[in-house]
Structures are given as structure tokens and as C-alpha cells.
Amino acid sequence: MGILDGKNILITGVITDSSIAFHVARLAQVEGARVVLTGYGRLSLVKRVAQRLPEPCPVIELDVTDDRQLETLAARAGAHLDAFDGVLHAIAFAPQTAIGGNFMNTRWPDVATTLHVSTYSLKALAAAVLPMLRKGSSIVGLDFDAQVAWDGYDWMGVAKAGLESCTRYLARDLGPHDVRVNLVAAGPLRTTAARSIPGFDESDKDWDRRAPLGWDTRDHTAVARACVALLSGWFPATTGEIIHVDGGVHAMGA
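The following paragraphs examine the structure supplied in this document. For every chain, the first residue of its written sequence is number 1, and the numbers climb from 1 along that sequence. At least 70 in pLDDT is required for a residue's local features to be given in this predicted model, at least 80 for side-chain atom pairs to be given and counted, and no such filter applies to totals for whole chains, interfaces and linings, which use all residues. Processing note: side-chain calculations cover all non-hydrogen atoms of the structure and skip hydrogens and water entirely.

1. What about helix H2 (residues 43-50)?
Then, in step 1: Three exposure classes are used, based on accessible area relative to the maximum for each residue type with a 1.4 Å probe and protein chains only: buried under 20%, partly exposed in between, and exposed over 50%. Each helix is a run of H or I in the DSSP string that is no shorter than four residues. Each strand is a run of E no shorter than two, and both are numbered from the N terminus. For H2, every residue scored as buried is listed here: Leu43, Leu45, Val46, Val49 and Ala50. Along the long axis of H2, the arc covered by the buried residues comes to 155°, so they all point the same way.
Then, in step 2: In this description, contact between two residues means that some pair of their heavy atoms is separated by no more than 4.5 Å. Where H2 is buried, its residues meet helix H1 (20-30), strand E2 (34-39) and strand E3 (59-61). This arc describes the spread of directions from the helix axis toward the C-beta atoms.

In C-alpha cells:
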């Protein structure tokens, strides 16, 4: 029996099989969960990727900036599973003008897009799925440590700081529903999204050098395990927390 045996998990953010969300979905299934994926944009691509999981699973469309899709999410997800025990929020986006050293020049519309997709969407997703969450459920979001300013990360860094604050407020408001909300702050991993961040390639060896435990940007295992652990019942009294899975870099000085 796995730690997610008998649980139903909704997972967002799968784009390719290099996505962190894909590795979480794979491990969740290995640990006994039934999974539904959401996709945005190239839905056919997400459906093909879903076939590479240990158990092919349903894919439903979700644009987290579309109120209508959020309003119907519970009904559409409910067509596949009658209730959920966990949700993975693995959604983030910033226009190129909002990252890569453009902090002082980014105009509000692009900042607004970054915050809407990368920060507000956590609250929007939580509200949309709340009617389907069983007692003891867990919402887990993917983070990148926002304690400092990272070169090239710019407004996405601001969005992640907002995501961390949003998690604390959601933990407060969803606690009475017996729903936990936590983040996993991952070190840099080679994903489609990461490759769009200027300077990502240069961070590879530097992160490994700074990490007391070392760091491999090609290995998603540790991050996926942390997400699955938080989605399980093994952290029943933990909410509003940020679990760092970065080899220890967040705790080191410059």
C-alpha cells in the first residue's frame, strides 16, 4: 500500500514529461492515487503526455484566468472522480518583458498577467475545488524561494513572494474546512518553463556548488517526493508552511 492509497488527486501544470507536475503525477500513481490532470493551451499535447504515466488518466481543460472554466471545474472534474483529497498547483507564467533584467521597465499589464497567473491563481483554484475536497485534504503549490532577489527572475520573484503570502492566508481560511495549504520551494530544475528564464543555464553548476547536499537540475525525484508526502496524510498538522527542497541553498550565505 502506498501513502496515497485510495486518494484522488487533481494535478495542474503538466506540459511535457519534464514538468515537475508530471513527476508528481507519476509518483502519486505509484503511491496509490487516482489522478486527473488539467491542461491549458495545447490540450492534445497534455493528453499525449498523460499516456506516459503508469496509468493513463483523464485531462480536463483549465485556464486559471477564465472565470467560467473555474466555475465549472468541480463539475467537469467530478465527471471523472466524485471527490478529491489533494490538489497540486503547478502554474506560473511571466511575459518575457517581466523577467530577464527588465524589472524597472516592465509595464503594469505584464506585471498584472504575471501576478494573475502565478499568484492569484492559487486562491482561484482553491476556491474552485473546495466543494469537492474531502476533510483532511491537502493543497500543495510549487514555489521558488522568495527571500532574496534572484538575477533575471524579476517580477516572477515578486509573484512567488505573493504566492507565499497567499498560502498563509489560504491556510487560515481553509483550516476550518480541514484543508491544509503548503508550498514546496524547489531548487532549479530543467523544465520547459525554466528554460524561458534568462540565465537559468548558468545557475546549474553554481547551485550544485552552494548546496550542502549537492543539486542535480535533471533529477525531479526529491521535489516530487516532497509534494506527494504533503498531499498524503503524513503531515496532518502542517499548513501555511514552505518546505524547501533545494539541497540546502536557501539556508546558506552568499
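Next, the rest of the story.
2. Describing unusual backbone geometry
Trans is the prevailing form of peptide bonds, just as negative phi is the prevailing case for residues other than glycine.
Then, in step 1: Although it is not a glycine, Asp154 sits at a positive phi angle of roughly 50°.
Then, in step 2: The topology assignment puts Asp154 in helix H6 (residues 154-174).

3. Examining the packing of H1 against helix H8 (residues 221-231)
Then, in step 1: Under this scheme, a helix contributes an axis fitted over its contacting stretch, all axes are lines through C-alpha atoms, and angles between N-to-C directions fall in the 0 to 180 degree range. At a minimum axis separation of 9 Å, H1 and H8 run at an interaxial angle of 55°. Taken together, the axes of H1 and H8 are oblique relative to one another. Pair H1 / H8 crosses with right-handed handedness. Contacts between H1 and H8 involve Ile20, His23, Val24, Leu27 and Ala28 from the former and Val223, Ala224, Arg225, Cys227, Val228 and Leu231 from the latter.
Then, in step 2: Amino acid classes used here: Ala, Val, Leu, Ile, Met, Phe, Trp, Tyr, Cys and Pro are nonpolar; Asp, Glu, Lys and Arg are charged; the rest, including Gly, are polar. Looking at the contact of H1 with H8 residue by residue, the classes come out as nine nonpolar, one polar and one charged. Working definition: roughly parallel below 35 degrees, roughly antiparallel above 145 degrees, roughly perpendicular at 65 to 115 degrees, and oblique for all remaining angles. For a crossing to be left-handed, the near helix must be turned anticlockwise from the far one by less than a right angle; the clockwise case is right-handed.

4. With respect to the state of the cysteines
Then, in step 1: Disulfide: a pair of cysteine sulfur atoms within 2.5 Å of each other. Inspection of the entire model under this criterion finds zero disulfides.
Then, in step 2: Here Cys57 is not disulfide-linked; the sulfur of Cys227 is the nearest cysteine sulfur, at 16 Å.
Then, in step 3: We classify Cys57 as buried; its relative accessible area is 9%.
Then, in step 4: The thiol sulfur of Cys166 is not disulfide-bonded, and the nearest other cysteine sulfur, from Cys227, lies at 17 Å.
Then, in step 5: For Cys166, a relative accessible area of 15% puts it in the buried group.

5. A short note on a nonpolar patch on the surface
Then, in step 1: A surface patch of nonpolar side chains, about 310 Å² in accessible area, is lined by Ile3, Trp234 and Phe235.
Then, in step 2: Among the structural elements, Trp234 can be located in the loop between H8 and strand E7 (242-245). A patch consists of residues exposed above 30% relative accessible area that lack any salt bridge, with like charges linked at up to 9 Å and nonpolar side chains (Val, Leu, Ile, Met, Phe, Trp, Tyr) linked at up to 5 Å. Per-residue and other accessible areas were derived by the Shrake-Rupley procedure at a 1.4 Å probe size, with only the shown protein chains allowed to occlude residues. When a carboxyl oxygen of Asp or Glu is within 4 Å of a side-chain nitrogen of Lys or Arg, the pair counts as a salt bridge.

6. Remarks on the nonpolar core
Then, in step 1: Note on terminology: a nonpolar core comprises buried Ala, Val, Leu, Ile, Met, Phe, Trp, Tyr and Cys residues joined through side-chain atoms within 4.5 Å. If you look at the biggest cluster of nonpolar residues, it comprises 50 residues, and the most contacted ones within it are Ile11, Val24, Val35, Leu37, Leu88, Val184 and Val223.
Then, in step 2: Listed by contribution, the elements that provide at least two residues to this core are strand E1 (8-11), H1, E2, H2, strand E5 (133-143), H6, strand E6 (179-186) and H8.

7. Focus on the pattern of salt bridges
Then, in step 1: Throughout the structure, instances matching the rule amount to six salt bridges.
Then, in step 2: Between Arg52 and Asp17 there is a salt bridge, and its shortest N-O distance comes to 3.1 Å. Placement of Arg52 in the loop between H2 and E3 and of Asp17 in the loop between E1 and H1 is noted, with a sequence separation of 35 residues between them.
Then, in step 3: A residue is classified by how much of its surface remains accessible, and Arg52, at 49% relative accessible area, is partly exposed.
Then, in step 4: Assessed through its relative accessible area of 35%, Asp17 is described here as partly exposed.
Then, in step 5: Residue Asp85 pairs with Arg134 through a salt bridge whose shortest N-O separation is 2.7 Å. Of this pair, Asp85 sits in strand E4 (residues 84-89) while Arg134 is found in strand E5, placing the two residues 49 residues apart along the sequence.
Then, in step 6: Given the relative accessible area of 8%, Asp85 is considered buried.
Then, in step 7: Residue classification places Arg134 among the partly exposed residues on the basis of a relative accessible area of 32%.

So far we have only geometry, and geometry alone does not tell us how the molecule works.
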